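Fold and geometry: a report
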Amino acid sequence: MASTLSPSTTAVTPEQPAMSERIRNAADISVIVIYFVAVMAVGLWAMVRSNRSTVGGFFLAGREISWWPMGASLFASNIGSNQFVGMAGTGAASGIAIAALEWNALVMLLILGWIFVPTFIKAGVMTSPEYLKKRFGGKRLNIYFSVLSLFICVALSISANIFSGAIFINLALGLNLYLAVFILLAITAVYTITGESPVIVQRCLSGKNMSHVKAACIMCGYLKLLPMFLMVMPGMISRILYPDMVACVVPSECMKHCGMEVGCTNYAYPLLVMELMPNGLRGLMLSVMLASLMSSLTSIFNSASTVFTMDLYTKMRKQASEKELLMAGRLFILLLIVVSILWVPLLQISQNGQLTRYTTSINSYLAPPVGAVYLLAIFCKRVNEQGAFWGLIVGLMIGLIRMIAEFAYGTGSCVAPSNCPTIICGVHYFYFSIILFFVTLLVVLGVSLMTKPIPDVHLHRLCWALRNSTEERINLDPDEKREEEEDDGVEEDDLEDSRGCFKKAYDLFCGLQRKGPKLTKEEEEALKKKLTDTSEKPLWRMVVNINAILLLAVGVFVYGYFA
């Protein structure tokens, strides 16, 4: 046992094959193969069974999802290899404080389920930018937020997940880093295109009713307690077991162990798996990591695809058919994969290779203005498009100044402090995000109060004060009607058998198979009413409200206990 844990066994570089050979045994390989077969089988089953021949069916799953798969999906989409590798690494570097990032989500999930989702459902929107379009009107705000969302997906979400996942796969299988990235993204692309349900907000919008949505948020909140024990503490354990590698501080020593001068804490979790787990369980753990990574990437790909299709592509192709929109969304996923692979080298050199600091700093510089605008959009009906737009612009400029300065000067360390000016980088980025949030609030409110307000006739069911209004809402911008395909059900049925095998397989893969006769006007109205329904049964409303209070109490307890 002593020889297993000795520092000499851990002093390897990414090119050294000793560690990667441990995964090459029948038990581990069998588990991994069985897992992938099961995943592909589930994907094919979903592809055949699901109705994805309409935009609502593909992006919102027809609002047929129950609370427990939705809650598990919320958690899985937010917990990936980024958290396993990054949070364990930060735990190894600085202790349990990093767990607060996950515990903060307890409150945010309740805000999501009780405030944001009901507002979005009543507004009848499928994406966050679509809500801004209905709330404020105009095109510049919608385009700005859509482009920003896609940039965040590439620069933060996708790149961080594939980089951290590639580290794990590289150590486990001995594959070249970029080969591991390519294979992983190829599998995930197939898994995504075959019709998995899209992000966090869209997952909530797909719930059967509001009680299911709230229950899913509560379930996800309880699951958010687990990262402390599943990721942070194992990272701290790894630092004790392998101090020469995980806890290295001298740049030359870190370079020798993991090929990075800044440190090797990102290897804390994979090292535990490779060193301590027996055959079979090691393969199972790798499968779990891949499942988590694929779930996160699937969610991100679908979210970005939806934003691009519904908020940008329809601006370029106003008369696009529904089939064209579905195909554009799938092709955009392939484009995201290429761009994300090209972004990985930038991620490797940014922030001196510190993954957690990279992701949290990007969030701190870009997310607060967006959060401020959404908060005011819902709770302050006096806010208008001019205030929201200039608030976002000012907030973005301030955030970019800090971000570019940090990238240029570096974040520094106890060995080599940063030369970034104190007036720019002197405040910790978490405190900076709070300052940025309130600066944006002031700008939005100030500009809105100096400009013309939006009449209530345009705000019914779009803000909190008018959330239960039954009056007809007049959109600020006329709806841009798309030319729908004229389908004759009888003729299409006659032609269906004449299609070739390749065409049938193509339509099946893309979810364009005909699922039944065209809906009547009454059926379409019933479906529309279902998609915008936020009613709850009194009993279940009381049950979820009580559980929400209990979840908050648990959150307060864990904060106090571990503080």
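Going by the structure above, here's the rest.
The sections below set out a description of the structure shown in this document. Since the structure is predicted, the reported quantities are computational estimates derived from the model, not experimental observations.

With that settled, consider the overall build of the chain. Within the chain one finds 27 helices and 0 strands. Per-residue burial over the chain gives 50% buried out of 563 residues. About 25900 Å² of surface is accessible on the chain, with carbon and sulfur atoms providing 68% of the total.

In this section: the packing of helix H6 (residues 81-94) against helix H14 (residues 227-241). Each pair of packed helices can be described by the angle between their axes along with the distance between the axes. At their nearest, the axes of H6 and H14 sit 7 Å apart, and the two run at 50 degrees to each other. Put simply, H6 runs oblique to H14. As H6 runs across H14, the sense of the crossing is right-handed. For the pair H6 and H14, the contacting residues are Gln83, Phe84, Met87, Ala88, Gly91, Ala92 and Ala93 in the first and Pro227, Met231, Val232, Gly235, Met236 and Arg239 in the second. Here the contact of H6 with H14 is composed, by residue class, of 9 nonpolar, 3 polar and 1 charged.

Below, the discussion takes up H6. The first and last C-alpha atoms of H6 sit 19 Å apart over 14 residues, in line with the 20 Å expected at 1.5 Å per residue. Ser81, Asn82, Gln83, Phe84, Val85, Gly86, Met87, Ala88, Gly89, Thr90, Gly91 and Ala92 are the residues of H6 that are buried. Taken from the residues just after H6, Gly95 is the one with a positive phi, measuring 95 degrees.

What follows is about the pattern of salt bridges. Should their charged atoms come close, side chains of opposite charge can pair. In total, this model carries 8 salt bridges according to the counting rule given. A salt bridge links Glu102 to Lys224, with the shortest nitrogen-to-oxygen separation between them at 2.8 Å. Looking at Lys224, the relative accessible area reads 3%, which means it is buried. The residue Arg402 makes a salt bridge to Glu406 at a minimum N-O spacing of 3.0 Å. With Arg402 and Glu406 both in helix H21 (residues 385-409), this residue pair falls 4 residues apart, about one helical turn. The two residues Arg402 and Glu406 agree in class, both being buried.

This next bit is on the side chain of Arg402. With a relative accessible area of 2%, Arg402 lands in the buried category. Among the polar contacts listed, one links the side chain of Arg402 to the side chain of Tyr365, at a separation of 3.4 Å. Separated by 3.0 Å, the side chains of Arg402 and Glu406 make a polar contact. Apart from the residues within four sequence positions on either side, Arg402 is in contact with Tyr365, Ile424, Cys425, Val427, His428, Tyr429 and Phe432.

On to unusual backbone geometry. At Arg461, a residue that is not glycine, the phi angle is positive and equals roughly 65 degrees. For Arg461, the position within the fold is in the loop between helix H23 (429-449) and helix H24 (489-496).

Counted according to the given criterion, the structure contains 2 disulfides. In this model, Cys248 is linked to Cys254 through a disulfide, with the two sulfur atoms separated by 2.2 Å. Measuring handedness by torsion sign, the sulfur bridge of Cys248 and Cys254 sits at about 125 degrees and is right-handed. What makes Cys254 buried here is its relative accessible area of 0%. The side chain of Cys420 participates in a disulfide bridge whose partner is Cys425; the two sulfur atoms lie 1.8 Å from each other.

Rules used in this analysis
- Residues numbered from 1 in each chain as written.
- Predicted model: local features only at pLDDT ≥ 70, side-chain atom pairs only at ≥ 80, totals over all residues.
- Heavy atoms only, no water.
- Helix = DSSP H or I, 4+ residues; strand = E, 2+ residues; numbered from the N terminus.
- Buried < 20%, exposed > 50% of the residue type's maximum accessible area, 1.4 Å probe, protein only.
- Areas by Shrake-Rupley, 256 points an atom, 1.4 Å probe, with all protein chains shown as cover.
- Axes fitted to C-alpha atoms, helices over the stretch in contact; angles between N-to-C directions.
- Parallel < 35°, antiparallel > 145°, perpendicular 65-115°, else oblique.
- Left-handed = near helix turned anticlockwise from the far one by under 90°.
- Contact = heavy atoms within 4.5 Å.
- Nonpolar A, V, L, I, M, F, W, Y, C, P; charged D, E, K, R; others polar.
- Expected span 1.5 Å × (residues − 1).
- Salt bridge = Lys/Arg side-chain N within 4 Å of Asp/Glu carboxyl O.
- Polar contact = N/O pair within 3.5 Å; in protein donor to acceptor, adjacent residues only side chain to side chain.
- Disulfide = S-S within 2.5 Å.

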